[in-house]
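Letter by letter, the chains look like this.
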Amino acid sequence: PSASRASTSRATSCVPLSLPSSCSLSHEETLTLCVLPLLQVWIHDYHLLLVPQMLRELLQDQNPSISLFLHCPFPSSEFFRCLPRREELLDGMLGCNLVCFQTHSYARHFLSSCVRVNGYEARASGVDVKGRIVHLANCPIGIDVDNVEHDRQQPGVVPKVEALRRLYAGKKIIVGRDKLDPTKGVLPKLRAFERFLHDYPEWANKVVLMQVTSPSPGDSPALATKVSELVDQINGTYGSLEFQPVHHYHQTIERDEYFALLSVADLALITSRRDGMNTTAMEYIICQAEAKGPLIVSEFTGVSAVLNQAIKINPWDLGGVARAIDSCLNMSLDERTARHSALHRAVTSQTAAVWAHTNVLKLLESLQDEQATQNTPELDEDVVVDKYTQSKRRLLMFDYDGTLTPIVKDPSAATPSPVLLSSLETLASDPKNVVYIISGRDGAFLEEHLGHIPNLGMSAEHGCFLRAPGAKQWISLTDDLNMDWKTDVVRIFRCASLSPSLASHPCLLGRTTH
């Protein structure tokens, strides 16, 4: 929603970039003019995949902070590698500081494509692009809940709800609203509904499917013909002169009609073969605050990862979808209420405003990590040697793993080399030096490999135990510490083991943990 994005933009100087899908280097004057006054740039969706790298090249002196959010699914590397311009698309996206997706699986597909297609290295936080880390994240989009609540309570909605109830009195209403696109699964939905009427004849003349397909410039005439033919086939087989089980409306409906349809429905059916974040499912949940109608969603829809209490189906499994429809229509009020309560919490907690703010925060976090890396100056060896020679007293503290020894898969294999042992002995033998080894390892390991070096101090287990230079005994630095905080930590762990949502657990209400 534009209102949420605008408020976020003003607060963080991060403005969503909306440019023509044909944007190319011929637009560089316009592009530069749009971006120069901004601190951060937020680019949206697949039409602009090449723009991040273009901005990076045009504004390399300004070092822009760029984030890309992909609203659509990202395919697995097996499919993506078939594209003829696959490298250019990936490099275009990798011009960002942060690339954000709807779900974790889409981010994983992107990372796999970067490794397999472009040969870049995967890191814990993202992709290593020639020494520059591009961070990856996932953040599901939401809806403007307040706006939906306002729209569904408009005066024009109630009369339409009452008219639909009179028209279909005594019948269950299944609602669907999709674009007429092969990926949206309208044909599988109709076939599954036909299978439902065949397998469960007791529902004959008791259930109606109201399917709305929104026209768009990319409509497929062939698909429209198939849908129309299948609707006629179902109505001809299972309908009569007085009743038709499928009502298909290929048109744009008014908002009052749309919210009336969602409010009066007994079941919403979404059978997308592949989809991003289906907002119809979320709007249906808000409109069902009174009726508590169940929701069926395809497992290949991004929203299925957020709406855990929805009934998830495989749209290719027509029998499974038919069983899910029968189960939902027979679902008890208690189960419907429990499921709807969980779904309503999920939708109202992950709103469009939360999504926008989370994306901006993730960009700022990625910039902090990048700045922390870039702000580490290179060691000037000449200056160090000069200072070392002139000083009369020196404190030398060396980290063990990753500094004195390399990081290895088997920790026991990280043993000091003969050259390292000789160097430590030389440093420790100088009376001007106080030399310490600082490590997270225990004292037994340090004693085994370094304990023979005279005058070498050691700090084990991240500072919990200390052996001073020349000493033979270890000193525990934790004996006098107040460890009462462990009681709260144990209680938090117990709460987390009982609840899937730690943040909302009653044990943590009113507390802030760090």
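Keep in mind that this is a model prediction, so the values were computed, not measured.

(A) Main features of the environment of Glu162. Along the chain, Glu162 turns up in helix H8 (residues 157–167). A residue is classified by how much of its surface remains accessible, and Glu162, at 42% relative accessible area, is partly exposed. Here the alpha-carbon distance between Glu162 and Val264, two residues 102 residues apart in the chain, equals 8.4 Å.

(B) Fine view of the pairing of strand S8 (residues 172–179). Strand direction decides the pairing type here: S8 and strand S9 (residues 207–214), joined by eight bridges, are parallel. Looking at the pairing, Lys179 lines up with Ser214 of S9. For the handedness criterion, the β-α-β arrangement of S8, helix H9 (residues 186–199) and S9 is classed as right-handed. Where S8 meets strand S11 (residues 267–270), two bridges bridge the pair, whose relative direction is parallel. Each bridged residue has a counterpart across the sheet, and for Val175 the counterpart in S11 is Ala268.

(C) Looking closely at the confidence of the model for the chain. Within the chain, residue pLDDT values average 86, and 88% of them lie at 70 or more. The weakest mean pLDDT in the chain belongs to helix H1 (residues 2–12) at 37; the strongest belongs to helix H13 (residues 318–329) at 97. Segment residues 1–13: pLDDT under 50, and 18 contacts once partners within four positions in sequence are set aside and those in other chains are kept. Predicted confidence for residues 507–514 stays below pLDDT 50, and this span has seven contacts to residues more than four positions away or in other chains.

(D) Quick peek at a nonpolar patch on the surface. Among the surface-exposed residues, Leu395, Met397 and Ile438 lie close enough to one another that they form a single nonpolar patch of about 290 Å² accessible area. Locating Leu395 in the fold gives a position in strand S14 (residues 394–399).

(E) Here's a closer look at the packing of aromatic side chains. For the structure shown, the criterion picks out twelve aromatic pairs. Ring geometry for Phe101 and Phe110: centres 5.3 Å apart, planes at 45°, overall tilted. Phe110 gets classed as buried once you look at its relative accessible area, which sits at 0%. Members of the aromatic cluster, joined through ring pairs, are Phe74, Phe80, Phe101 and Phe110. Directly above the ring of Tyr258 sits Arg177, whose terminal nitrogen or CZ lies 4.3 Å from the centroid. For Arg394, the ring lying beneath its charged end belongs to Tyr388, and the centroid distance is 3.8 Å.

(F) The arrangement of the environment of Glu121 in detail. Here Glu121 lies in strand S5 (residues 121–122). Sequence spacing of Glu121 and Gly131 is ten residues, and the spatial spacing of their C-alpha atoms is 9.6 Å. With residues up to four places along the chain from it excluded, the contact list for Glu121 reads Gly126, Val127 and Asp128. Reaching out from Glu121, the side chain makes a polar contact with the side chain of Arg123 at a distance of 3.0 Å.

(G) View of the side chain of Lys189. Mapping Lys189 onto the fold places it in helix H9. For Lys189, a relative accessible area of 0% gives the class buried. Of note is the side chain of Lys189, whose polar atom sits 2.7 Å from the side chain of Asp178. Apart from residues lying up to four places away in sequence, Lys189 is in contact with Gly176, Arg177, Asp178, Gln211, Leu269 and Thr271.

(H) Focus on the packing of H8 against helix H11 (residues 255–264). At a minimum axis distance of 8 Å, the contact between H8 and H11 shows a crossing angle of 50°. With respect to each other, H8 and H11 are oriented oblique. Here H8 and H11 pass one another in a crossing that is right-handed. Across the interface between the two elements, Val157, Lys160, Val161, Leu164 and Arg165 of H8 pack against Asp256, Glu257, Phe259, Ala260, Leu261, Ser263 and Val264 of H11.

(I) Here's a closer look at a negative patch on the surface. Taken together, the side chains of Asp380, Glu381, Asp382 and Asp386 make up a negatively charged region of the molecular surface. Topologically, Asp386 is positioned in helix H16 (residues 381–390).

(J) Local environment of the sheet that holds S8. Strand order in the open sheet made by the six strands is S10-S9-S8-S11-S12-S13, with parallel pairing throughout. With one partner strand each, in any of the chains shown, strand S10 (246–249) and strand S13 (311–313) form the two edges of the open sheet. On average, each strand axis in the sheet is tilted by 20° relative to the strand beside it, whichever way the strands run. Sheet topology places S11 next to strand S12 (residues 295–298); three bridges connect them, and they run parallel. For Ile270, the partnering residue across the bridge sits in S12 and is Val297. The strands touched by H11 are S8 and S9; relative to S8, the strand with the most contacts, the crossing angle is about 135°.

Reading the values: rules and limits
Residues numbered from 1 in each chain as written. Predicted model: local features only at pLDDT ≥ 70, side-chain atom pairs only at ≥ 80, totals over all residues. Heavy atoms only, no water. Helix = DSSP H or I, 4+ residues; strand = E, 2+ residues; numbered from the N terminus. Buried < 20%, exposed > 50% of the residue type's maximum accessible area, 1.4 Å probe, protein only. Pairing = 2+ DSSP bridges. Right-handed = clockwise from strand over helix to strand, strands pointing away. pLDDT = per-residue confidence, 0-100. Contact = heavy atoms within 4.5 Å. Patch = residues over 30% accessible without salt bridge, like charges linked within 9 Å, V, L, I, M, F, W, Y side chains within 5 Å. Areas by Shrake-Rupley, 256 points an atom, 1.4 Å probe, with all protein chains shown as cover. Salt bridge = Lys/Arg side-chain N within 4 Å of Asp/Glu carboxyl O. Phe/Tyr/Trp six-rings, centres within 6.5 Å; stacked < 30°, edge-to-face > 60°. Lys NZ or Arg CZ within 6 Å of the ring centre and 35° of its normal. Polar contact = N/O pair within 3.5 Å; in protein donor to acceptor, adjacent residues only side chain to side chain. Axes fitted to C-alpha atoms, helices over the stretch in contact; angles between N-to-C directions. Parallel < 35°, antiparallel > 145°, perpendicular 65-115°, else oblique. Left-handed = near helix turned anticlockwise from the far one by under 90°. Lys, Arg positive; Asp, Glu negative; His and termini not counted. Charge placed at Lys NZ, Arg CZ, Asp CG, Glu CD.

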